[in-house]
Amino acid sequence: MGITRRELCRALGSFAAGILPLRGLATKNAALTSSGPFGKPESMMTSPDNEAESLATDHESYLGSLAPVIRSIQQEHGFPLAYDRRGEISAKEWSRRGRASISSGLAYLPASVPLDVRLKLRVSRAGYELRVISFAGTSHYRIPAFLLIPEGKGPFPAVVALHDHGGEYYFGKEKLVEMDQEHAALTSFKKTYYDGRSYASELARSGYVVVVADCFYWGERRLTYTYPPTSYRQAVAGLDASSERYVSVVDDFLEQRTADLITLLGYNGLNWLGIVSYDDMRAVDLLVSLPEVDSRRIGCIGLSGGGFRSTYLAGRDARIHAGVIVAWMTTLPTTLDLAEKSHADIFDSYVVHAGLDHPDVASLGAPDCALFVLNCGRDELFTAEGMRLAVERIRGIYQNLNHAERFQARVYDVPHLFNTQMQKEAFLWLDRWLK
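(A) A look at helix H4 (residues 91-106). The terminal C-alpha atoms of H4, which comprises 16 residues, lie 22 Å apart, in line with the 22 Å expected from a rise of 1.5 Å per residue. Among the residues of H4, Trp94, Ser95, Gly98, Ile102, Gly105 and Leu106 are the ones counted as buried. Looking straight down H4, one finds its buried side chains confined to an arc of 100°; they lie on one side. Away from its buried face by more than 90 degrees, H4 exposes Lys92 and Ser104. As for H4, its buried residues are in contact with helix H10 (272-289), helix H11 (305-316), helix H12 (358-363) and helix H13 (384-400). Positive backbone phi, at 50°, marks alanine 107, one or two positions downstream of H4.

(B) Examining unusual backbone geometry more closely. Of note, the bond from glycine 154 into proline 155 is cis; its omega dihedral lies within 30 degrees of zero at 5°. Cis geometry marks the peptide bond from alanine 366 to proline 367; its omega dihedral reads -5°. Here proline 367 lies in the loop between H12 and strand S9 (370-376). Despite not being glycine, aspartate 116 shows a phi value in the positive range, around 50°. When its relative accessible area of 39% is taken as the criterion, aspartate 116 is described as partly exposed. A positive phi angle, near 60°, is found at aspartate 195, a position not held by glycine. Following the sequence through the fold, aspartate 195 ends up in the loop between helix H5 (184-194) and helix H6 (199-205). Look at aspartate 195 and you get partly exposed, because its relative accessible area is 34%.

(C) The packing of aromatic side chains, seen in detail. Scanning the model with the defined rule gives 25 aromatic pairs in all. Between tyrosine 217 and tryptophan 272 the ring centres are 5.7 Å apart and the planes differ by 80°, which places this aromatic pair in the edge-to-face class. On the criterion of sequence distance, the pair formed by tyrosine 217 in the loop between strand S6 (209-213) and helix H7 (230-236) and tryptophan 272 in helix H10 is long-range, its members being 55 residues apart. On the basis of relative accessibility, which here comes to 2%, the residue tryptophan 272 falls in the buried class. Measuring from centroid to centroid gives 5.8 Å for tryptophan 218 and tryptophan 272, while their planes differ by 25°, and the two rings are stacked. Residue tryptophan 218 is located in the loop between S6 and H7, and its partner tryptophan 272 is located in helix H10; the two are separated by 54 residues in the primary sequence.

(D) Structural context of the side chain of histidine 343. Mapped onto the elements, histidine 343 comes out in the loop between strand S8 (322-326) and H12. Side-chain polar atoms of histidine 343 contact the backbone oxygen of leucine 381, separated by 2.7 Å.

(E) Just the environment of glycine 78, in detail. In this fold, glycine 78 is placed in the loop between helix H3 (66-77) and H4. Classification of glycine 78 by relative accessible area gives buried; the value is 14%. When the C-alpha atoms of glycine 78 and proline 333 are compared, they prove to be 9.7 Å apart, with 255 residues separating the residues in sequence. Setting aside its immediate chain neighbours within four residues, glycine 78 contacts Arg85 and Ala354.

(F) Fine view of the pairing of strand S7 (residues 293-303). Across the 11 residues of S7, eight count as buried, placing the element largely inside the fold. Bridge count for strand S5 (residues 156-162) against S7 is six bridges, and the pairing is parallel. Paired with phenylalanine 156 across the bridge in S7 is valine 293.

(G) Broad picture of the side chain of aspartate 317. As for its position among the elements, aspartate 317 is in the loop between H11 and S8. Relative accessible area serves as the criterion here: at 5%, aspartate 317 is assigned to the buried category.

(H) Molecular detail of the packing of helix H8 (residues 244-256) against helix H9 (residues 258-267). Where H8 meets H9, the axes come as close as 4 Å, and the angle between the chain directions of the two elements is 35°. Of H9, the residues touching H8 (which contributes Leu254, Glu255 and Gln256) are Thr258, Ala259 and Asp260. Here the residues of the contact of H8 with H9 sort into two nonpolar, two polar and two charged.

(I) Just the state of the cysteines, in detail. The final tally for this structure, using the stated rule, is zero disulfides. Residue cysteine 369 stays outside any disulfide, its sulfur separated by 6.1 Å from that of cysteine 300, the closest cysteine. Its relative accessible area of 3% is what places cysteine 369 among the buried residues.

(J) Molecular detail of the pattern of salt bridges. Scanning the model with the defined rule gives 30 salt bridges in all. A salt bridge links lysine 173 to aspartate 214; the shortest N-O distance between them is 2.7 Å. Of this pair, lysine 173 sits in the loop between S5 and H5 while aspartate 214 sits in the loop between S6 and H7, placing them 41 residues apart in sequence. The pair lysine 173 / aspartate 214 is uniform in exposure class, with both members buried. A salt bridge links arginine 296 to aspartate 294; the shortest N-O distance between them is 3.0 Å. The exposure class assigned to aspartate 294 is buried, which follows from its relative accessible area of 9%. Members of the salt-bridge network, linked through shared partners, are Arg122, Glu129, Arg131 and Glu292.

What counts, and where the lines are drawn
Residues numbered from 1 in each chain as written. Predicted model: local features only at pLDDT ≥ 70, side-chain atom pairs only at ≥ 80, totals over all residues. Heavy atoms only, no water. Helix = DSSP H or I, 4+ residues; strand = E, 2+ residues; numbered from the N terminus. Expected span 1.5 Å × (residues − 1). Buried < 20%, exposed > 50% of the residue type's maximum accessible area, 1.4 Å probe, protein only. Arc of directions from axis to C-beta. Contact = heavy atoms within 4.5 Å. Phe/Tyr/Trp six-rings, centres within 6.5 Å; stacked < 30°, edge-to-face > 60°. Polar contact = N/O pair within 3.5 Å; in protein donor to acceptor, adjacent residues only side chain to side chain. Pairing = 2+ DSSP bridges. Axes fitted to C-alpha atoms, helices over the stretch in contact; angles between N-to-C directions. Nonpolar A, V, L, I, M, F, W, Y, C, P; charged D, E, K, R; others polar. Disulfide = S-S within 2.5 Å. Salt bridge = Lys/Arg side-chain N within 4 Å of Asp/Glu carboxyl O.

As structure tokens, then:
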């Protein structure tokens, strides 16, 4: 039985240092891929023209005998809406069609409602004010969020900070913001994935209005019961809610329910990413409505599942002028080369990929959205080749549009995380394009 994404992410939480330019990835990864669990000898590395080669014979796909069949079908179909298959249409028209196909694939466009922002609490912090708010996502639900307003005179640039997936559902927005009397489990999580830093708070101190909202199924929006199942009651019985063990048990239970969530959303004509991506754009609506925000200077940033969300927000929403994608950029077919279960619980709408690969989605904002991709060289959620190919595809689009300077990518010699050095470079990118 394969390990869960949650277990794999926790196993990857060791620390390392150093970075390398992405153009040097092929050389550096000769060592990484030859010794890593998903590696291939250099002679077997895939090329952009044939990017879905099979694994080396000593490493079999998690899907075993089914992987070659899936790979063959995908290769025949390809990604018909990719930039290099646009034919004679303009880049602007390509972007319009790509965004339209995502909207169609996500199939989630609820009736527009007023934001109806409600303020619950104001807290003064060093360098900024924390506002605990909620706003209307649709007529069916509200979105809890933290709004961070920097000291000084605005209007300020603004950032949508997108919390990660991580298989850790108990907390959402709290993962990125300084908390009073922080739960021990949250402290441990931040230490593992963020070098113990609350990076949304750091952004606010540096002069950004920041919104951090709970994603659907996280934090205040996580699954709860009036009458908990027996298995849940037994799992948490006798546990102290302030303990790390309690949070871990709840997260494990919620992890087990994600397959049912995905299936039952589908049965009701919905998909998880449709809700998630719509709500992220709703956070941009919030920022645009604020007098403290300069609506011409809005960016987004996120790690892991937050990087996935950042990909869609930067690609879909023309109001995003700078995007940072951390540890979630790959060509999707190369995930067939993974030897362990890794992405079964991700929010996605697979209909989108009938036309667009993941790097295609990120590129839809080019060249107006300045994009920075930070990949982790020892990230076992993706293959090194998949990360390389994705970045090269995005780079090629920005170069073709004569704005190579508006795209940057780096690979850091670390596992799946967003450490202090990475955060500093990400902030410099936002400063360059939004300040």
